[in-house]
Amino acid sequence: MRLCEKNASELISMLRKKECSAREITEDVLKRIDKTRNLNTYISINENALKNADSIDALIAEGCELPILAGIPVAVKDNISVKGMKMTCGSKMLQNYVAPYDSEAADRLKKAGAVLIGKTNMDEFGMGSASDTSVFGAVRNPVNADFSAGGSSGGSAAAVRSCSAVLALGSDTGGSVRQPSAFCGTVGFKPTYGTVSRYGLTAFASSLEQIGSIGRNCADTALLQRVICGYDSKDAVTAKYFSFSPLDENLKMNGIRAAVPRELFSENISDEVKTAVETALKLIEKNGAAVEFVDIPSLDYAVNAYYIISSAEASSNLSRFDGVRFGYRAENCTTLSELYERSRSEGFGKEVKRRIMLGTFVLTDGCFEAYYKRAVLAAKRITADISDILENYDIIVSPVYPTPPFLLGDKISPLQRYAADICTVSANLSGLPAVSLPCGKSRNELPIGIQFMGRRFADSRLLSIAAAFEKLNGGLC
């Protein structure tokens, strides 16, 4: 097995035993990146990656105590700031923008000794579910390149599955870490809102989004999450007293109570996905878990509430891209209004413009009360209903996406794609932690994911439960 194909925990052990060097690991990952260019996983590669690996090898040679992720190549979604590297957000608007500072997540990774290998491709500004709205082209699924890798963190999930990164950061606004992880067969974790700093994450919908972790198994994902979480004075919503505990490796499914919302097993869920998830439910039930179907009627409003709130916030957050201060600027404009109009029209893609227009509409006088305010009230109701369920259950279980990975270029309307987010958006609306992990395969041998959602701030316990399921199910699909 090549070094790039090993898990983070294996590589960490090998480095400390001097069975390999950080340079050898990084070189092997860079070779894999070169061999998998057809997947269009990366937008840019860190020119200093080998130099950073050499600094870790110097620490090893000197006998120094190594930080937790020393020498481990980590990919970073291209909407997260890394000083001196491009941060394009997959958009023409920021095609040549170079980040002048490190995000808090990137800074913590560097302090942990990780080698930031490159910036991964994504849906433009995180808006999409197939990583096909990027100005740099679509990301392809590593399992079968004819299919979508999911989105918007498709590049990060594809990088981990294709072994062109050992770990990866993504961002999750409505499922953007979990859905591509389900499509690629990796573990994708969306943390409790406020446990990871958003400083340096390009804002799309600030009240919903979190930086999340992607790995090949739960242990690796938890390791990465442990590094990036924690209070940050630069982000006012981060929790002051939260810490991510190590996984409970002795936890078993015996005694775990799992709630399965009937609303997330509707007629819109394909037979292949239903079969895979139901098989997983039988497996955990066989091993001592109590599985019960429950009703959460407010989930029927989750997609509508999510798209109204997220689009409204996007309309506000993306107003800074006006052709004046930074980003794309249209040429030969004679008035300021023309500069604004042409810069935004030419710099943004169709999906981003669609959501800006929707968000602007729901915030206008006369529509604010009718749409935005009602969406916020619906989100509060959803949060309360889910919290009530989790008082009596350890986890809420559902599919991640209604279908297996779809073919790239499939003619799926925007409304159909929006509706398909039904299983993931409630975790963002409620701010609760959720994890996607493989549970089966489609007829085309493509991965299918299952989602576990847990209690607020019980992130480590949720991943421990997921790890217990992973052992039963056999891991990576």
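Every value quoted in this text rests on a predicted model; they were computed, and no experiment measured them.

A. How the structure looks around the environment of F348. Note on placement: F348 falls in the loop between α10 (336-347) and α11 (350-363). When the C-alpha atoms of F348 and S91 are compared, they prove to be 6.7 Å apart, with 257 residues separating the residues in sequence. The contacts of F348, once residues within four sequence positions are left out, are S91, M93, E124, F125, L318, F321, K353 and I356.

B. Seen up close, helix α7 (residues 218-228). Where burial is concerned, most of α7 is hidden: nine out of the 11 residues are buried. Taken as a whole, α7 has its buried residues at C218, D220, T221, A222, L223, L224, Q225, V227 and I228. Between the side-chain oxygen at the start of α7 and the backbone nitrogen of A219 there is a gap of 3.2 Å, and the oxygen is on N217. At the C-terminal side of α7, G230 shows a positive phi close to 130°.

C. Representation of the sheet that holds strand β4 (residues 167-172) in the model. Taking strand neighbours across the sheet as the criterion, the 11 strands line up as β1-β3-β2-β4-β6-β5-β10-β11-β9-β7-β8 in an open arrangement whose pairing is mixed. One side of each edge strand has no neighbouring strand; the edge strands of this open sheet are β1 (42-45) and β8 (290-294). For this sheet, the mean angle separating the axes of adjacent strands, direction not counted, is 30°. Pairing geometry for strand β10 (residues 434-441) and strand β11 (residues 447-453), over seven bridges, is antiparallel. Opposite V435, over in β11, you have F452 as the bridge partner.

Thresholds applied
Residues numbered from 1 in each chain as written. Predicted model: local features only at pLDDT ≥ 70, side-chain atom pairs only at ≥ 80, totals over all residues. Heavy atoms only, no water. Helix = DSSP H or I, 4+ residues; strand = E, 2+ residues; numbered from the N terminus. Contact = heavy atoms within 4.5 Å. Buried < 20%, exposed > 50% of the residue type's maximum accessible area, 1.4 Å probe, protein only. Polar contact = N/O pair within 3.5 Å; in protein donor to acceptor, adjacent residues only side chain to side chain. Pairing = 2+ DSSP bridges. Axes fitted to C-alpha atoms, helices over the stretch in contact; angles between N-to-C directions.

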